[in-house]
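For reference, the chains in residue letters:
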Amino acid sequence: MIPETPQGVEWYQVADASLAGRMRHAPATKGSPMRWNLLLPGAVLLAVICLVSFVTHQPLKGVATEESARPTADIDESVQKVNLFFARRWAGEDLQSAKQTDELTVLRRITLALMGTVPSLEEIRAFEQDRGPDRVPRWTARFLHDRRYAEYFAERLARGFVGVEGGQFIVYRRDRFLNWLSDQLETNRPYPELVREMIGGNGLWTDEPEVNFVMAGYDDGEGFNENKLAGRAVRAFLGQRIDCAQCHDHPFDHWKQNEFAGLAAHFGQLKLSPVGVREDRDLKFEVEDRNSLEKKVVEPAVPFGEKWEPTEGTRRERLAAWVTHPENRRLERAIVNRVWGLLFGRSWIEPVDDLPDPSGDEIAGPKVDGAKHPKTMKPGEQDLLDVLGADFREHGYDLRRLIEVIVASKPFLLESKSDVDDASRLDRMKEHFAIFPLTRLRPEQIIGALLQASSLTTIDQNSHLISRLIKLTRSNDFVKEYGDLGENELEDRAGTIPQALLRMNGNLVSETIDAKPFTASGRISQMAPDDTKRLELCYLVCLTRRPTPEESAYFLPVLEENRPQRRGLVVEDLYWTLFNSPEFAWNH
Amino acid sequence: MNLSRRDLLQAAFASGLSFALPGLDLRAAETRGDERQKSLIVIWLGGGASQLETWDPHPGTKIGGPTKSIKTKLPGLEIADLYPRVAEHIHELNVIRSLVSKEGDHERGTYLLKTGYRPDPTLIHPSLGAIASHELPNDKLEIPAHISLLGGQFPARGGFLGEIFDAFKIYDPSNGIRNLKARVGDARQQKRLAGLDIVTKSFQTGRRVQVENTLHQLTVERALRMMTSEQLKAFEIDQESQAIRDAYGDTQFGRGCLAARRLVETGVRAVEVTLMGWDTHANNFEGHKTQAKELDPALAALVHDLKQRDLLASTLVLCIGEFGRTPKINGLDGRDHWPRGFSCLVGGGGLRSGVVLGETDTEPLIEQDANKSTAMPHDPIEVPDLFATILRQLGVEFDKEVLTPIGRPMKFSSGKPIERLIAST
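Cut-offs and rules
Residues numbered from 1 in each chain as written. Chains lettered and ligands numbered in written order. Predicted model: local features only at pLDDT ≥ 70, side-chain atom pairs only at ≥ 80, totals over all residues. Buried ≥ 20, exposed ≤ 12 C-beta atoms within 10 Å, placed from the backbone. Helix = DSSP H or I, 4+ residues; strand = E, 2+ residues; numbered from the N terminus. Axes fitted to C-alpha atoms, helices over the stretch in contact; angles between N-to-C directions. Parallel < 35°, antiparallel > 145°, perpendicular 65-115°, else oblique. Left-handed = near helix turned anticlockwise from the far one by under 90°. Contact = placed C-beta atoms within 7 Å. Nonpolar A, V, L, I, M, F, W, Y, C, P; charged D, E, K, R; others polar. pLDDT = per-residue confidence, 0-100. Expected span 1.5 Å × (residues − 1). Bend = angle between axes of the 7 residues up to and from the residue. Core = buried A, V, L, I, M, F, W, Y, C linked by C-beta atoms within 7 Å.

Here's the deal with helix α9 (residues 191–200) of chain A
For step 1, the next point in the chain: Of all 10 residues making up α9 of chain A, seven are buried, and the element is well covered by its neighbours.
For step 2, the next point in the chain: Looking only at α9 of chain A, the buried set comprises Y191, P192, L194, V195, M198, I199 and G200 of chain A.

Remarks on the packing of α9 of chain A against helix α13 (residues 315–323) of chain A
Residues and elements named next belong to chain A.
For step 1, the next point in the chain: In the contact formed by α9 and α13, the axes pass within 8 Å of each other and the chain directions differ by 155°. As summarised for this structure, α9 and α13 are arranged roughly antiparallel, according to the angle between their axes. The chirality of how α9 crosses α13 is right-handed. Facing α9, whose interface residues are V195, R196, I199 and G200, α13 presents R316, E317, L319, A320 and V323.
For step 2, the next point in the chain: A per-class count over the contact of α9 with α13 returns five nonpolar, one polar and three charged.

A closer look at the confidence of the model for chain A
Residues and elements named next belong to chain A.
For step 1, the next point in the chain: Scored by pLDDT, chain A has a mean of 83; 81% of the residues are at 70 or more.
For step 2, the next point in the chain: When the elements of chain A are averaged for pLDDT, helix α1 (residues 15–23) gives the smallest value, 41, and helix α16 (residues 399–408) the largest, 98.
For step 3, the next point in the chain: A low-confidence stretch, residues 363–371 stays under pLDDT 50, and its non-local contacts, those more than four residues away or across chains, total 19 contacts.

With respect to the interface of chain B and chain A
For step 1, the next point in the chain: Counting residues at the interface gives 45 residues for chain B, matched by 50 residues for chain A.
For step 2, the next point in the chain: Elements represented by at least two residues in the side of chain B that touches chain A include exactly α6 (186–204), α7 (208–214) and α8 (216–227) of chain B.

What about helix α11 (residues 284–308) of chain B?
For step 1, the next point in the chain: Between its first and last C-alpha, α11 of chain B extends 35 Å over 25 residues, near the 36 Å set by a 1.5 Å rise per residue.
For step 2, the next point in the chain: Most pronounced at A292 of chain B, the bend in α11 of chain B amounts to some 35°.

What about the confidence of the model for chain B?
All names here are of chain B.
For step 1, the next point in the chain: Mean pLDDT over chain B works out to 88, with 89% of the residues at or above the 70 mark.
For step 2, the next point in the chain: Between residues 1–27, whose pLDDT stays under 50, and residues either more than four places distant or in other chains, the model counts 28 contacts.
For step 3, the next point in the chain: Both scores are available for the predicted complex, with the pTM at 0.81 and the ipTM at 0.84.

Structural notes on the nonpolar core
For step 1, the next point in the chain: The biggest cluster of nonpolar side chains holds 249 residues, and the ones touching the most others in it are V323, L343, C538 and C542 of chain A together with V271 of chain B.
For step 2, the next point in the chain: Once residues lying within four places of it in the same chain are set aside, the contact partners of V271 of chain B are I41, I147, L149, A260, L263 and V264 of chain B.

Things to note about the packing of helix α25 (residues 567–579) of chain A against α6 of chain B
For step 1, the next point in the chain: One way to put it is that α25 of chain A packs onto α6 of chain B with a least axis distance of 9 Å and a crossing angle of 45°. Comparing their axes, α6 of chain B and α25 of chain A come out oblique. Note that α25 of chain A runs across α6 of chain B; the crossing there is right-handed. For the pair α25 of chain A and α6 of chain B, contact is made by D573, L574, W576, T577 and L578 of chain A and by R188, K191, R192, G195, L196 and V199 of chain B, respectively.
For step 2, the next point in the chain: Class assignment for the residues of the contact of α25 of chain A with α6 of chain B results in five nonpolar, two polar and four charged.

Structure, rendered in structure tokens:
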């Protein structure tokens, strides 16, 4: 795990050397002359080595290097637009923003949001040794090119797109869908292309994983559920919960039952055939009238922006074109709100998928009297979602770039603490992101952080097979026991008693803090040169920071009075304490 | 924004929650009669029990199958002959034979029959037990106020009241409770906790209000109190005499019901005990025979035991599942899902007893698709009305409007109490 220590350098200082090596292109190995009778066994040996390393390191792709992961060039102007929006907003609300936080805290926020884990000691060391300009943007870009980002973020987005249910395995493959989405994120395809493929795709759910979006709305007994699909599509991609309009008019906005039926009719020609999902142009979509109980055929229709819907193509292709039309600003607003939510743990508008109508007559939807969403903007007023949404659209719907812009903007860099002690003022600061919100880590983030903190090197696709296997097999059980948040994972949550019990007394925590020769706690307890370093290392590995003077004053005597035989136990106790602190379990 | 969380905090701090809390006031557990706060025990028949093989048999008819009926202690009431022991005690409860719902799917039906509301994609409603423990706090309690025994796929949830009101899930109490033992001895544990104080304090600097809102410390403190609580003895059913244990039956479910009685006695507000295995699409009659062997002794013993201990007047008992089963017997000798006219038992907690509500036809309109059937029992009872009755009887303001986290006002129950079940005072 830890590379051999070069002479004159302490082991705890060199973790970055391996990373630096990894980041450079490896020099080509020169072949040397060799006798023929050595060639065959040599070749066999080489083949075995190759195979073993392939198996233990697979997949090799996805390791970001500085060369391949440059930050996007022209984001400054976009960041300024966002900062200007907040400067005005805070001034208008008479709020003073919190101070700017330190870069290690930002690093922790980024790795938690993008990869579901805390930074490893290896990464912290390399980050701190990086003295170049624009350190945070460069590291953000590097993580955005890491396969860990593609996989973790795909799972987060998939919860909005298809939910969390495994569904009926024979006709629905969520795992394939996840792989597909990870690949799309890794190649950073423009977002509307993904949406078009999910809504309009045809074929088998195993060959064309994007059709699992519609298969998620398939039920063995009842076939495709057009209402569920229409509700899901509008909610996931346009950020409006019109599911309620299926039975009654939407409480906040203007959606009416008949408009819902028109949308659902777009899924009315879906058919399951031996070659998978396809359209059958002869199918009719019928709806039962609630009063007369008569069935009537409903033709596809959209509730607003009729001119965006092409007349050509299948019904689903037409719907997909309408959803992703550049003038349909709900699309960009919805994804911006969602990405904002995944980065901060709280979306700009809550709930994440129930946004007010965008301002402007053109797209406001049908005019009906009724209650309005509490956050509806006045005509001509620009919301954050409009600012970021337009920027996202104008720059090729580039998800990676959107994340870079948000991470570089002022709200993401603020401290989560402040001198303000008044609860209602703090609530307002939180509402307008004048302070970084405390949010409960998702179970995947907790286990990611636990496992990462049990190792000094980065656990990624290049880790030893066993570390990755542990991560894979343990994650699901832990997530279940900690309480999976399902698809509404951006809701504001507090801690629970079973979670506290699991962190304090659970098997996994106990195993990860065990001071064995190859665990982080074991290495720290045995090999750190003194107690000050020992304490600092525990803090860096678990909390991505150094101890405060008060903490050092308390813990150093505790460490000292127990040396050296009981040192392992003391480090275990310290690990336990850090794992159980609110700072560990909450994003700050 | 989240009102319930703040309410809870205030309640917690007002009650002076700390490590120094005095232990359980044993006399509190001994309070009886009107002075005693009400509790709720839900016997959950997961999968949907057949009304025809339980409390609403129709022997000798086309739909009745081979199931026979027996007389009960309540004159005029007959139930399936699989329940001779329940027949001895059913007069302490009431029977509803005409529950109706529109939910014929397990998950949706369970949601309705645990919360009183149909599923709504925009929010999660709290279950009965969550509402009860939210509205009727017991600050002497060191173990969770809302407990689910023997699991099932969809345990009762806190919904918009917050996850802290989720039922605390214990699969089988006789196997011990998970993660309840500290991993190290007392001396080390104290050191760990002392350190935790230091680290928590530094995180609270500049974040006092925010950290309070996380409930982190509150949950850790409650977990610690629970780990060392004397009240955990409530789970130790081997403290009971052999005769009592035998009466409940030597089954997981029987032990669960016995634990439920002990928990309620200790002051737990709401307990759910699940018996799965009622989804008899095939071999309905054999399946229900097997199920009855567990349910009959356990339910009868529970009612009898509560009565004996003068706890029945303060403990509401509800025996219910997500729906009933079709009157029509299918080709596999099974019955399918049927939400249009199914049965439940409800009683105790000061409700009247011996009332039988509703009636189903011996030959209802049977259609292939239960969900589209227009069959209706006589005197249909809607699920929300049952829930309003139960909440009212527990002492909860059943039509109180609370704000959900997204600011939508929502009543605890949308129904009206069933006056015929409520004792006149």
